[in-house]
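Listed here are the chains, written in short residue letters.
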Amino acid sequence: KLVILLWGIITFLMSAKGLRECKNKKNAFGLTPYFTLFGAFVWGDAVIFGIFWTLVSVITLLLNDWILFLLTFSIFWVVRSLGETIYWFNQQFSPIKRNPPENYWFYKYFHNDSVWFIHQIISQCITVISVIFTIYLAKLWLIQLN
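Residues numbered from 1 in each chain as written. Predicted model: local features only at pLDDT ≥ 70, side-chain atom pairs only at ≥ 80, totals over all residues. Heavy atoms only, no water.

Glancing now at helix H2 (residues 43-63). With 21 residues, H2 ought to run about 30 Å at 1.5 Å a step, and its terminal C-alpha atoms sit 30 Å apart, in line with that. Its maximal kink placed at Phe49, H2 deviates by approximately 25 degrees. Those residues of H2 that sit buried are Trp43, Asp45, Ala46, Val47, Phe49, Gly50, Trp53, Thr54, Val56, Ser57 and Thr60. Positive phi appears at Asn64, one or two residues downstream of H2, with a value of about 55 degrees. (Helix = DSSP H or I, 4+ residues; strand = E, 2+ residues; numbered from the N terminus. Expected span 1.5 Å × (residues − 1). Bend = angle between axes of the 7 residues up to and from the residue. Buried < 20%, exposed > 50% of the residue type's maximum accessible area, 1.4 Å probe, protein only.)

Another point: the packing of aromatic side chains. For the coordinates displayed, the defined rule picks out 18 aromatic pairs. For the pair Trp7 and Phe69, a centre-to-centre distance of 5.6 Å together with 85 degrees between the ring planes defines the contact as edge-to-face. Here Trp7, found in helix H1 (residues 2-23), pairs with Phe69, found in helix H3 (residues 66-93); they are 62 residues apart in sequence, far enough to count as distant. In this structure Trp7 comes out as buried when scored by relative accessible area, which is 10%. Looking at Phe69, the relative accessible area reads 3%, which means it is buried. Ring geometry for Phe76 against Trp77: centres 5.4 Å apart, planes inclined by 90 degrees, an arrangement best described as edge-to-face. (Phe/Tyr/Trp six-rings, centres within 6.5 Å; stacked < 30°, edge-to-face > 60°.)

The phi dihedral of Lys26 is positive, around 50 degrees, even though this residue is not glycine. By the secondary structure assignment, Lys26 is in the loop between H1 and H2. A residue is classified by how much of its surface remains accessible, and Lys26, at 71% relative accessible area, is exposed. Even without being a glycine, Asn64 presents a positive backbone phi close to 55 degrees. By secondary structure assignment, the location of Asn64 is in the loop between H2 and H3. With relative accessibility at 53%, the residue Asn64 sits in the exposed group.

The interhelical angle for the contact between H2 and H3, taken along N-to-C directions, is 155 degrees, at an axis separation of 9 Å. As summarised for this structure, H2 and H3 are arranged roughly antiparallel, according to the angle between their axes. As H2 packs across H3, the resulting crossing turns out to be right-handed. When H2 is examined against H3, the residues Asp45, Phe49, Phe52, Trp53, Val56, Ser57, Thr60 and Leu63 are found in contact with a partner set consisting of Leu68, Phe69, Thr72, Phe73, Phe76 and Arg80. Grouping the constituent residues of the contact of H2 with H3 by class yields 9 nonpolar, 3 polar and 2 charged. (Axes fitted to C-alpha atoms, helices over the stretch in contact; angles between N-to-C directions. Parallel < 35°, antiparallel > 145°, perpendicular 65-115°, else oblique. Left-handed = near helix turned anticlockwise from the far one by under 90°. Contact = heavy atoms within 4.5 Å. Nonpolar A, V, L, I, M, F, W, Y, C, P; charged D, E, K, R; others polar.)

Here's what the structure looks like:
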């Protein structure tokens with residue numbers, strides 16, 4: 001319960017910080033390296049995902065269901081990583097370069113626009129892991145319901 005409570009508090013604060021960054025600093029596309037675990041890569045993400053994770057935390061605390069929380073986390077990452085795979089695939093072949101390669105920490109290892117397909121491959125790996133965990137956790141959750 002403590003982990004979910006802390007998760008909810010952190011994501012509520014993340015949302016508030018994201019809103020401040022977006023509204024006051026007009027920094028919706030600014031990178032947020034501290035909130036990657038929550039699915040927030042830019043401040044605009046932080047606003048929405050902060051609210052989402054806060055609500056997920058409250059609901060799972062009320063239902064007292066740790067497996068449901070983990071299942072939600074896993075399904076979230078299936079959807080999020082598929083979206084990121086598509087995003088980086090499109091960036092790779094787009095004439096509009098919204099994400100200069102040198103803005104990403106992978107650039108120190110991959111010194112050109114290959115940074116984009118590295119992000120794509122990482123997202124694909126996250127998708128595979130998340131699908132496996134989703135199947136496993138769904139099985140556990142259904143057994144728990146019986």
